[in-house]
Amino acid sequence: DQQVKQNSPSLSVQEGRISILNCDYTNSMFDYFLWYKKYPAEGPTFLISISSIKDKNEDGRFTVFLNKSAKHLSLHIVPSQPGDSAVYFCAANTNAGKSTFGDGTTLTVKP
Amino acid sequence: NAGVTQTPKFQVLKTGQSMTLQCAQDMNHEYMSWYRQDPGMGLRLIHYSVGAGITDQGEVPNGYNVSRSTTEDFPLRLLSAAPSQTSVYFCASSYSGQSYNEQFFGPGTRLTVL
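This report concerns the structure included in the present document. The structure presented is a predicted model; accordingly, all values stated were derived computationally and were not measured. (Residues numbered from 1 in each chain as written. Chains lettered and ligands numbered in written order. Predicted model: local features only at pLDDT ≥ 70, side-chain atom pairs only at ≥ 80, totals over all residues. Heavy atoms only, no water.)

1. Let's talk about the packing of aromatic side chains
Then, number 1: One pass over the structure, following the stated rule, counts 13 aromatic pairs over all chains.
Then, number 2: Between the aromatic rings of A:Tyr25 and A:Phe30, the centroid separation amounts to 6.2 Å while the plane-to-plane angle is 65°, which identifies the pairing as edge-to-face.
Then, number 3: An angle of 40° between the planes, with centres 5.6 Å apart, marks the rings of A:Tyr36 and A:Phe101 as tilted. Of this pair, A:Tyr36 sits in strand E4 (residues 32-38) while A:Phe101 sits in strand E10 (residues 99-101), and the two are 65 residues apart along the sequence.
Then, number 4: A connected cluster of aromatic rings, assembled from ring pairs, spans A:Tyr36, A:Phe46, A:Phe89, A:Phe101, B:Tyr35 and B:Phe105. (Phe/Tyr/Trp six-rings, centres within 6.5 Å; stacked < 30°, edge-to-face > 60°. Helix = DSSP H or I, 4+ residues; strand = E, 2+ residues; numbered from the N terminus.)

Pasting the structure below:
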């Protein structure tokens, strides 16, 4: 059973608008959540993270929200730029040293 | 600072052949890991290491071996390649295995098994 789910395989938004990427998880033992961004033919790169004891973390245009009771997190990108077009992975970590990744959401930002 | 490097970038094997995917990092990170990514799917953990001499299995370890004799290197061995192992393989490292540490990924090795 998949413990981390990104139910939208793709998302298309207009430049300047908000992009909202969603992620759901099932395991209550996850204590840190991270978002990674991946361009074609490259490895993922870290974007932003949030502790399970917080409900929001902001870094420039990127904000991650965590709703622990709903086991749901979302990544907001405002304003979206064409260079943000990439695959975004949600990852959930435990202190046992393991990361569990979602299947990714392909974001396309149209000029 | 090269970060995480992986060789080769591409590899084609025949069923039953063995090979080693190389991974090295120059950030003095304790934690290293190997993932595979199949089309349309996320990254699945194969093996990981929390320090030199210590390795453990991830979600999909069958058919793969690892060892960690130095902090810098974490090779992944395919014992007898199968078509089901066709995938893109990513090596990653982080400062420690603590949950708040982000991972730094290499560029990947694209493996095809015929």
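2. A short note on the sheet that holds strand E1 (residues 4-5) of chain A
Residue and element names in this part refer to chain A.
Then, number 1: The strand order E1-E3-E8-E7-E6 describes an open sheet built from 5 strands, whose pairing is antiparallel. At either end of the open sheet lies a strand with only one pairing partner, and these are E1 and strand E6 (56-59).
Then, number 2: Pairing of E6 with strand E7 (residues 62-67), which is carried by 4 bridges, proceeds in the antiparallel orientation. The residue bridging lysine 56 from the neighbouring strand is phenylalanine 65, located in E7. (Pairing = 2+ DSSP bridges.)

3. What to know about the layout of surface pockets
Then, number 1: Volume-wise, the largest pocket comes out at about 550 Å³.
Then, number 2: Lining the largest pocket are 29 residues, and of these A:Lys38, A:Ala41, B:Gln37, B:Val88 and B:Arg110 sit closest to its centre.
Then, number 3: Across the lining of the largest pocket, the residue classes tally to 14 nonpolar, 9 polar and 6 charged.
Then, number 4: If you add up the space inside the second largest pocket, you get close to 330 Å³.
Then, number 5: Around the second largest pocket sit 16 residues that line it, and A:Thr100, A:Phe101, B:Leu43, B:Arg44 and B:Glu59 are the ones nearest its centre.
Then, number 6: A per-class count over the lining of the second largest pocket returns 5 nonpolar, 6 polar and 5 charged. (1 Å grid on protein atoms, 1.4 Å probe; cavity = no way out; pocket = protein on both sides within 12 Å on 5 of 7 lines; lining within 4 Å. Points joined across faces, edges and corners; volume = space filled by probe spheres on them. Nonpolar A, V, L, I, M, F, W, Y, C, P; charged D, E, K, R; others polar.)

4. Structural notes on the pairing of strand E9 (residues 87-94) of chain B
All names here are of chain B.
Then, number 1: The element E9 is extensively covered by neighbouring structure, given that 8 of its 8 residues are classed as buried.
Then, number 2: Strand direction decides the pairing type here: strand E4 (residues 31-37) and E9, joined by 7 bridges, are antiparallel. Of the residues in E9, the one forming a bridge with glutamine 37 is valine 88.
Then, number 3: As defined by bridge partners, E9 adjoins strand E11 (residues 109-113) across 3 bridges and the pair is classed as antiparallel. Bridging across to E11, valine 88 finds its partner in arginine 110.
Then, number 4: As defined by bridge partners, E9 adjoins strand E10 (residues 104-105) across 2 bridges and the pair is classed as antiparallel. Each residue of the ladder has a partner; that of serine 93, found in E10, is phenylalanine 104. (Buried < 20%, exposed > 50% of the residue type's maximum accessible area, 1.4 Å probe, protein only.)

5. A few points about the pattern of salt bridges
Then, number 1: Overall, the coordinates contain 4 salt bridges over all chains when judged by the stated rule.
Then, number 2: When salt bridges with common partners are traced through the structure, they connect B:Arg36, B:Asp38 and B:Arg44 into a single cluster. (Salt bridge = Lys/Arg side-chain N within 4 Å of Asp/Glu carboxyl O.)

6. A short note on the nonpolar core
Then, number 1: Formed by 23 residues in total, the largest nonpolar core has its most connected members in A:Phe33, A:Trp35, A:Leu73, A:Leu75 and A:Tyr88.
Then, number 2: Of all the secondary-structure elements, those providing two or more residues to this core are strand E3 (19-25), E4, strand E5 (45-51), E7, strand E8 (72-77), strand E9 (86-93) and strand E11 (105-110) of chain A.
Then, number 3: If one sorts the elements of this core by residue count, E9(A) sits on top with 4 residues.
Then, number 4: In contact with A:Leu73, not counting residues within four places along its chain, are A:Leu21, A:Asn22, A:Cys23, A:Tyr25, A:Phe33, A:Trp35, A:Val64, A:Phe65, A:Leu66 and A:Cys90.
Then, number 5: Judged by nonpolar contacts, the second largest core, of 18 residues, contains B:Met32, B:Val66, B:Tyr89 and B:Leu111. (Core = buried A, V, L, I, M, F, W, Y, C linked by side-chain atoms within 4.5 Å. Contact = heavy atoms within 4.5 Å.)

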